[in-house]
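Residue strings, one per chain:
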Amino acid sequence: MTSTATQRTPSGTTPAPTHEVELSIGGMTCASCAARIEKKLNRMDGVTATVNFATEKAKVAYSDGVEVSDLITTVVKTGYTAEEPLPPAPPTGDTLQNEATAAADRELLSLRQRLLVSVTLSVPVVLMAMVSALQFDNWQWLSLTLAAPVVVWGAFPFHKAAWTNARHGAATMDTLVSIGTLAAFGWSLWALFFGHAGMPGMRHGFEFTVSRGDASSSIYLEAAAGVTAFILAGRYLEAKAKRKAGAALRALLELGAKDVSVLRGGAEVRIPVAQLAVGDRFVVRPGEKIATDGTVVEGASAVDASMLTGESVPVDVTVGDTVTGATVNAGGRLVVEATRVGTDTQLARMAKLVEDAQNGKAEVQRLADRISAVFVPVVILIALTTLLTWLSVSGDATAAFTAAVAVLIIACPCALGLATPTALMVGTGRGAQLGILIKGPEVLESTRRVDTVVLDKTGTVTTGRMQLQDVFTAPGVDEAEMLRLAGAVEFASEHPIAQAIAAGAVERAGGLPVPENFENVAGLGVQGVVDGHAVLVGREKLLAQWVIELPRELAEAKAAAESDGRTAVAVAWDGEARGVLTVADAIKDTSAEAVAALRRLGLRPVLLTGDNQLVADSVARSVGIDEVIAEVLPQDKVDVVKRLQTQGRTVAMVGDGVNDAAALATADLGLSMGTGTDAAIEAGDLTLVSGDLRVAADAIRLSRKTLTTIKGNLFWAFGYNVAALPLAALGMLNPMIAGAAMAFSSVFVVTNSLRLRSFK
């Protein structure tokens, strides 16, 4: 996938990258492979690249004058394969299944076959070496017969990768495995054919540490075959786990509908979703998936969006409402006009955000990559030093050789390379399932430091829509009658407050009559005749023009409502004041719970709004916020965030509007509501698809949990190699045990990452 951005650079400097491309990389076997490719690409003028071992992708930014083919050539010259990006396609899951998934399945099957054959042949070899009772006359020749296919064919991927890297002057973990197994096998061949190990009646003991003995009588077939089998097992489990780690993204991509019934000339025509165009009208029957983002033009129904937002309650939609592709029509027949198709849909954008996050690198991963890049040459040096030291100190060639091979086998930095990307893949994938989109790995590091969360009021803490709140009536006035008459005249007005009263009246009192002689009195309210009654609805001044005063109890109710930040509207008919209606931007049902959850995470909530102080204070009291910053102009929200930062606070900002975009970008961590504007979503670091503020706390918890998992993985991987290398060099590990331990470390790291799949 490619994109273009325009940047200016000072004259005389290397042009800044203006294009981006994502390449699929093949042939990588460890983190040091990724580091080599990244290093080669970054040496090209005008190129900035990040290579991810776990996702097998390279994200490359390049300037004018550099072609994608140049990037691919560089990767190929480094000893690996690279593929040009496929043209953008709608995320129906077909492309993914037919290409990437099929290729991964073939690779996994090949690895599984190699593993099964190697294990079948290796088990007798290991058992004969470890159990003296199984060592019949000439058993060593049977061991050679069984071990040879394992070392030659089973370990062929390691030998091939090692040779490829050697031709390019590089060494990777495959180099360590290949040298170790071939050295053990070669020593055994020499001992069998030219030493005393091939004599009938030869017996061989097994120790967990380095054994000392006659070099010409010692064979290491069990180490060569066993190490190969163990490492193949580790590779296979690692590959399966990596597929599981990316399962959430695949599931997300496969949510989309495959085909759709489009209206053409009044008739329904079934076409693939890929052929859908903006402006097309399509039919969605009950139980069907909505093919793409659009607007309802006919019908009413309930839509189940749980697969995208995590919200279990279906949302009612009718003519004029927007719907999202991949959601399910749970009610009646709908006709929808497509407004976004292909890669512009919300589902496609969600998938792209998740994939970008998985392909990025956190700072801790960059450190691991730098270490992996120099680790292999250092290990080879340590192995040579171990060999020479043992020879010079003990003069025992058998012990020296065994210790050196153990060093080579134990040191493979697989776990180090998998520590971050696997946790990131699982964490971001799980987030997508819960309606939390994490834009990049650096976001995880921000969540750990955040101590203050700034909440925009309208659309974040509140619904952003005016709603009828309280109804106060004069003595003897029926509430339903008042709502019916007031709602009738308000229904004819376009004012948001009028529409809120009309909607509330319909909900509480049923159908509304049609008013006569309707008139909108600018700045004061509305008036009209309903069922023979002359009705006034609006400010107290409107009633005063008709010499109508509010009785004391209604005046007190109006004053109390206004002191709480609500808008109070007076209602009169036939020359008498009949009641007061209060309207306010309704607080979301979940906001108070969300604020409490944010507090439990150690965050200090701040309410930020352009509304007046009375309204802001009222909302803050309702949801449990102590600190309020009100009457702020949209352009001043950035200054508020900066001011909090200068006070030493690390600030998270939650918002949904265009006027929040700059503040979201300025904050240390920006959380944008998925129900908000595109500008806000683009500016945020985390997107909360459902628009439920409670998910903000979940998002921060998930991010922190993912970061903790990454650090735990890195601690294990670093600690393992640091502890194991001295043990191997001191002769305290048999090469076969070293191979098993190395494979286990990789499997442990990936399995630990997979625990994030159970995050609630």
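Owing to the predicted nature of the structure, the values given are computational and were not obtained by experimental measurement. (Residues numbered from 1 in each chain as written. Predicted model: local features only at pLDDT ≥ 70, side-chain atom pairs only at ≥ 80, totals over all residues. Heavy atoms only, no water.)

Before going further, it helps to spend a moment on a nonpolar patch on the surface. A cluster of nonpolar residues, V119, V123, L127, M130, V131 and L134, forms a patch on the protein surface that exposes about 430 Å² of accessible area. Positionally, M130 belongs in helix α3 (residues 94-130). Among the residues examined, M130 registers a relative accessible area of 36% and is labelled partly exposed. (Patch = residues over 30% accessible without salt bridge, like charges linked within 9 Å, V, L, I, M, F, W, Y side chains within 5 Å. Areas by Shrake-Rupley, 256 points an atom, 1.4 Å probe, with all protein chains shown as cover. Salt bridge = Lys/Arg side-chain N within 4 Å of Asp/Glu carboxyl O. Helix = DSSP H or I, 4+ residues; strand = E, 2+ residues; numbered from the N terminus. Buried < 20%, exposed > 50% of the residue type's maximum accessible area, 1.4 Å probe, protein only.)

Our focus in this paragraph is the nonpolar core. Residues L455, L669, L671, L686 and L693 are the most contacted members of the largest nonpolar core, which totals 44 residues. Ranked by residues supplied to this core, first place goes to helix α25 (residues 694-729) with nine residues. Beyond its immediate chain neighbours, meaning those up to four positions away, L671 contacts A652, M653, V654, G655, L664, L686, L688, A696, A699 and I700. Among the nonpolar cores identified, the runner-up in size contains 36 residues, and M482, A486, V526 and V580 belong to it. (Core = buried A, V, L, I, M, F, W, Y, C linked by side-chain atoms within 4.5 Å. Contact = heavy atoms within 4.5 Å.)

Further remarks concern the side chain of N329. With respect to the helices, strands and loops of the structure, N329 is situated in strand β13 (residues 328-329). According to the relative accessible area criterion, N329 is buried, its value standing at 0%. A distance of 3.4 Å separates the side chain of N329 from the backbone oxygen of R285, its partner in a polar contact. (Polar contact = N/O pair within 3.5 Å; in protein donor to acceptor, adjacent residues only side chain to side chain.)

Our focus in this paragraph is the packing of aromatic side chains. Within this structure, the stated rule accounts for three aromatic pairs. With a centroid separation of 5.3 Å and 75° between ring planes, the pair formed by W141 and F193 is classed as edge-to-face. Taken as a pair, W141 in helix α4 (residues 139-154) and F193 in helix α6 (residues 173-193) lie far apart in primary sequence, 52 residues in all. Relative accessible area serves as the criterion here: at 27%, W141 is assigned to the partly exposed category. For F193, a relative accessible area of 52% puts it in the exposed group. Measuring from ring centre to ring centre gives 4.5 Å for W716 and F748, while their planes differ by 40°; the resulting arrangement is tilted. Residue W716 is located in helix α25, and its partner F748 is located in helix α26 (residues 735-754); the two are separated by 32 residues in the primary sequence. You can call F748 partly exposed: its relative accessible area is 31%. (Phe/Tyr/Trp six-rings, centres within 6.5 Å; stacked < 30°, edge-to-face > 60°.)

For the rest of this paragraph, the subject is the pairing of strand β19 (residues 525-530). Of all six residues in β19, five are buried, a share of seventy percent or more. Bridge count for strand β18 (residues 516-521) against β19 is four bridges, and the pairing is antiparallel. Within β19, the residue paired with V521 across the bridge is G525. Where β19 lies against strand β20 (residues 533-538), six bridges are found, and the strand directions are antiparallel. Bridge pairing in β20 links G525 to G538. Hairpin geometry of β19 and β20 is characterised by an intervening segment of two residues between the two adjacent antiparallel strands and by a positive phi of about 50° at D531. (Pairing = 2+ DSSP bridges.)

Right, let's talk about the UniProt feature "transmembrane region" (unreviewed entry) in the protein for a bit. Here the UniProt feature "transmembrane region" (unreviewed entry) sits at residues 115-133, 139-156, 176-199, 219-237, 371-393, 399-420, 713-730 and 736-754. Taken as a whole, residues 139-156 contains 94% helix and 0% strand, while its terminal C-alpha atoms sit 25 Å from one another. This span, residues 176-199, is 75% helix and 0% strand, and a straight line between its end C-alpha atoms measures 31 Å. (UniProt positions renumbered as here; feature names shortened; annotations may be inferred.)

Glancing now at the environment of D626. By the element assignment, D626 lies in the loop between α21 (613-623) and β24 (627-629). Using a relative accessible area of 68% as the deciding quantity, one classes D626 as exposed. For D626 and L607, which are 19 residues apart along the polypeptide, the C-alpha to C-alpha distance reads 8.3 Å. Among the polar contacts made by the side chain of D626, one reaches the side chain of R599 at a distance of 3.2 Å.

On to the packing of α4 against helix α5 (residues 156-167). With their axes 5 Å apart at the nearest point, α4 and α5 run at an angle of 40° to one another. Overall, the two elements α4 and α5 adopt an arrangement that is oblique. Along its contact with α4, which presents V151, V152, W153 and G154, the element α5 presents F156, P157 and H159. (Axes fitted to C-alpha atoms, helices over the stretch in contact; angles between N-to-C directions. Parallel < 35°, antiparallel > 145°, perpendicular 65-115°, else oblique.)

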